[in-house]
Amino acid sequence: MTERYLSVTEVAQLLGISTSAASVYRLPEPDATIGRTRGWKRQTVETWNAARPGRGVGGGRPRSRS
């Protein structure tokens, strides 16, 4: 059986973001690397994405205490 790996462009499509945004995300370690090209199994990306914190986690800018 042939393994299928997702490119950065395909990861971006899966996540519903732009390719440039995916390029700056801290993606999980690739499952395969050929030269400088990284590849991920779909399951790796889905597991990683499910474990990411939701929007707004971290609190954003600290509020000034007047």
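Rules used in this analysis
- Residues numbered from 1 in each chain as written.
- Predicted model: local features only at pLDDT ≥ 70, side-chain atom pairs only at ≥ 80, totals over all residues.
- Heavy atoms only, no water.
- Helix = DSSP H or I, 4+ residues; strand = E, 2+ residues; numbered from the N terminus.
- Buried < 20%, exposed > 50% of the residue type's maximum accessible area, 1.4 Å probe, protein only.
- Contact = heavy atoms within 4.5 Å.
- Areas by Shrake-Rupley, 256 points an atom, 1.4 Å probe, with all protein chains shown as cover.
- Salt bridge = Lys/Arg side-chain N within 4 Å of Asp/Glu carboxyl O.

A. A look at the overall build of the protein. Scanning the protein from terminus to terminus reveals three helices and two strands. Beginning at the N terminus, the succession of helices and strands in the protein can be written as α-α-β-β-α. Looking at the protein as a whole, 18% of its 66 residues qualify as buried. Nonlocal contacts in the protein, meaning residues at least 24 apart in sequence, comprise 47% of its contacts between residues at least 6 apart. For the protein, the accessible area works out to roughly 5,700 Å², and carbon and sulfur atoms hold 48% of it.

B. Geometry of the pattern of salt bridges. In this structure the tally under the stated criterion is three salt bridges. We note a salt bridge from K41 to E3, for which the minimum N-O separation is 3.9 Å. In this pair, K41 sits in the loop between β2 (37-39) and α3 (42-51) while E3 sits in the segment before α1 (8-15), placing the two residues 38 residues apart along the sequence. The class of K41 is partly exposed, set by a relative accessible area of 33%.

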